Structure formats: structure tokens, C-alpha cells
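Structural overview
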Amino acid sequence: VFTSSEIVEQSGFVGSFETEIMTPSGATRILKHGAILVATGAEEARPELYGLEEADTVMTQTDFESALENSGDEEWQNLRVVMLQCAGSRDTEALSYCSRVCCNQAVINGLRFKKMYPEAQLDILYRDMRCYGMGELEYRRARMEGINFIRYDPDTNPPEITPDESGVEVMVTDPSIRLPVKIRADLLILSTGMQPRDTEELASMLRVPRNDEGFFIEAHAKLRPVDLPGEGLFMAGTAHGPKSSGEAIAQAQAAVARAATILSQTSLTMSGVVSKVDPANCAVSLTSERARPYGVPIINDEHRAETNPALCQGCGICVAECPAKTISLGRFEDRNITAKMESYCETHQ
């Protein structure tokens with residue numbers, strides 16, 4: 001385990017990776033390994049909203065959870081708390097998506113707060129309460145415990161929130177009574193969602209894609225849900241997208257099982273559909289090197305294009321781009337394709 005360390009270089013292929021790690025002391029170590037599991041995680045978003053980071057009366061759900069751990073003041077018995085869901089999410093360029101866990105976490109923290117301080121008041125302002133799975137039962141229990149839920153529309157009925165040193169003033173129209181409601185709260189809790197960590201350099205190093213939000217994309221959502229497009233690369237947790245701890249653990253177990261299919265073998269059989277370069281006709285045009293999503297072919301010491309069959313995924317891009325047609329792909333040569341076309345035409349005459 002290398003804590004506070006950084007990956008500075010990564011190379012190799014499935015079954016034979018090499019990763020250079022820089023430790024906090026500045027020293028580097030090279031590790032040889034057979035598989036890679038990416039679990040870079042995500043972090044809580046902390047947007048500049050309603051005086052967050054400035055006013056003591058405004059905090060996030062994680063701040064509130066920590067405050068409950070350390071609370072014990074009798075003043076909390078008569079506290080009035082307002083939670084705002086989707087704070088800075090689903091309507092901004094930074095966080096245009098739903099983080100999935102915010103609603104469940106708000107309900108869990110709300111139930112714990114009411115259990116500790118039964119006389120306290122709690123209002124949750126929401127757009128859509130997305131308590132999926134068993135969280136729906138917690139949501140129902142929260143209503144029965146006296147937690148007040150007020151729905152708002154960010155376009156037609158956005159809440160007006162004014163924080164100050166003594167508390168927070170909230171103006172919102174309650175659709176259940178069709179009247180504006182003024183709430184004078186002691187604390188404003190923001191459900192801010194989660195955002196991916198900065199993994200741009202790592203994604204470039206591993207040659208794996210990310211979506212517009214910065215989360216890693218799996219090879220296939222149904223058939224290979226924990227595999228990254230490169231062979232021997234897997235992922236788990238919130239590096240893939242927002243999810244609960246239970247979902248992250250289940251995905252981690254799946255990723256470890258997939259990695260074990262490689263690590264448990266003494267040798268690996270590679271695909272026969274890989275590109276091959278004829279060095280005699282290679283003009284070293286660099287065209288194929290520019291169009292190589294998996295890092296092959298490369299220009300070797302003899303100034304000829306060369307393909308590592310372990311890295312090649314058989315996409316055929318270098319074959320199509322080579323101007324001299326000196327790169328072939330398995331049995332997908334011109335003569336093979338021509339023979340298939342002629343056979344098809346003779347059969348369907």
C-alpha cells in the first residue's frame with residue numbers, strides 16, 4: 001500500500017503491466033503486475049451557494065452528519081433545520097446530473113436528527129425525492145416521524161434563501177396548501193451531490209475514455225459492466241459514477257472477480273485478430289501511429305512500424321489508415337474480403 005503517492009508512468013499490457021509510482025519522499029518504485037483496478041472515487045461538491053464556507057449556519061449533508069456525531073447541546077432540542085435538495089445539481093454545467101445518493105442520505109440524516117431531538121423541526125425542500133430501492137421505506141418512515149417535505153420547481157417556484165449570522169430565512173410556495181411559506185431556520189443543509197476526482201492525466205495514461213462529467217466509461221454496460229476498454233483494466237466505485245456504498249462494494253467484488261480470471265492463470269491466450277506490419281513495404285509515414293487508440297503500432301529502433309499483438313485489440317484503424325497497405329489484420333486481407341464478396345455474388349445470382 002502506497003499512501004499519498006502518485007502514478008507517474010504506466011506501460012505494458014494485460015498480464016505484464018509496469019507502473020512507476022512516486023512516493024511522498026520523492027523516491028520512485030516500479031511495480032510489475034498483471035491487472036489494473038481503477039477506484040479513484042469521487043468527492044463531495046461544495047459550490048458557492050447561500051454562504052457555504054462563509055456562514056456557520058450553512059453546511060452540507062456530510063458536515064451535518066459530523067455535527068450530529070459531536071452534538072449534545074440542549075439548544076439543539078428546539079432547533080429548526082431546512083434541507084435543500086439538488087443544491088447546485090441538475091441545472092448547472094458543473095453538475096448537470098443526479099448524484100442518486102443525496103435523497104437517501106438526507107432522509108437518513110433527518111431520521112437520526114429527529115430521533116436525537118424529537119422536539120426539533122425539520123423541513124426538506126425537494127424537486128424529486130429519488131429514494132430508490134429500500135430507501136422508499138425510510139422515506140415513508142420520515143413522513144410518519146413528522147419530517148415536513150415541501151416540493152419546489154426551480155423554474156416556476158424556486159425557494160428564496162437569505163442566510164445571515166443568526167440563521168436562515170427561506171421563502172417558498174408550498175404546493176400542498178398553494179400558499180407562500182416563510183421559514184426562519186437555524187441551519188440550512190445543502191445536498192450538493194458528488195463530482196469525480198481529477199483523473200484526466202490518469203485516463204490519458206491508461207488510454208481509457210471518460211464521459212462528459214469526468215467519470216470512467218465501461219467497455220459495455222450489459223456485457224462488461226466493470227471492464228474498461230483496455231484488456232486487463234477494471235474499475236469499481238464512484239470512479240464509474242455516483243452510487244451508494246453498497247453498490248460500490250458489489251461492483252468492487254465483481255471487478256476483483258474479473259481480475260482474478262487473469263491473475264489465476266499461468267499463461268494467457270491472445271486473440272488471432274491482430275494487426276501485422278510487413279516491414280519490407282513500410283514507408284514510415286506515421287499515419288498509422290497517429291491513428292492508434294490502443295497505443296499500437298509503434299516506430300521501432302529500425303524505423304519501421306511494429307505491432308505488439310498483446311496490446312492490439314483488432315480495431316483495424318491502422319489497417320485502414322496505412323497509405324501503403326502494408327498493415328494487415330488477421331484474415332481480413334483484401335484477398336479474403338474479395339473472395340467472400342465473389343462467393344456471395346455467385347450464391348445470389
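To start, this report covers the structure provided alongside it.

What counts, and at which threshold
Residues numbered from 1 in each chain as written. Predicted model: local features only at pLDDT ≥ 70, side-chain atom pairs only at ≥ 80, totals over all residues. Heavy atoms only, no water. Pairing = 2+ DSSP bridges. Helix = DSSP H or I, 4+ residues; strand = E, 2+ residues; numbered from the N terminus. Axes fitted to C-alpha atoms, helices over the stretch in contact; angles between N-to-C directions. Buried < 20%, exposed > 50% of the residue type's maximum accessible area, 1.4 Å probe, protein only. Arc of directions from axis to C-beta. Contact = heavy atoms within 4.5 Å. Phe/Tyr/Trp six-rings, centres within 6.5 Å; stacked < 30°, edge-to-face > 60°.

**A look at the pairing of strand β3 (residues 28-33)**
The pairing of strand β2 (residues 16-22) with β3 spans 6 bridges and is classified as antiparallel. If you follow glutamate 18 over to β3, its bridge partner there is lysine 32. Joining the antiparallel neighbours β2 and β3 is a turn of 5 residues, in which glycine 26 adopts a positive phi near 100 degrees.

**Focus: the sheet that holds β3**
Read from one edge of the open sheet, 3 strands run β1-β2-β3, paired in antiparallel fashion. Because the sheet does not close on itself, it has two edges, and the strands there are β1 (6-13) and β3. Strand-to-strand twist in this sheet, taken as the mean axis angle between neighbours without regard to direction, amounts to 15 degrees.

**Thoughts on helix α3 (residues 135-144)**
Within the span of α3, buried status applies to Gly135, Tyr139 and Ala142. Projection of α3 onto a plane perpendicular to its axis shows the buried side chains occupying an angular sector of 60 degrees, all on one side. What points out from α3, more than 90 degrees from its buried face, is the exposed set Leu137, Arg140 and Met144.

**Brief notes about the environment of alanine 239**
Position of alanine 239 among the secondary structure elements: in the loop between β15 (233-235) and α5 (245-263). Expressed as a C-alpha distance, the spacing of alanine 239 and aspartate 334, which sit 95 residues apart in the sequence, is 42 Å. Discounting residues that sit within four places of it in the chain, alanine 239 has contacts with Val38, Ala39, Thr40, Gly41, Phe215 and Phe216.

**Here we look at the packing of aromatic side chains**
What the rule picks out here adds up to 8 aromatic pairs. Ring plane angle 10 degrees and centroid distance 6.4 Å describe the contact between phenylalanine 64 and tryptophan 76, whose orientation is recorded as stacked. In this pair, phenylalanine 64 is assigned in helix α1 (residues 61-70) and tryptophan 76 in the loop between α1 and β7 (80-84), connecting sequence segments 12 residues apart. Grouped by ring-pair contacts, the aromatic residues Phe64, Trp76, Phe113 and Tyr117 constitute a single cluster.

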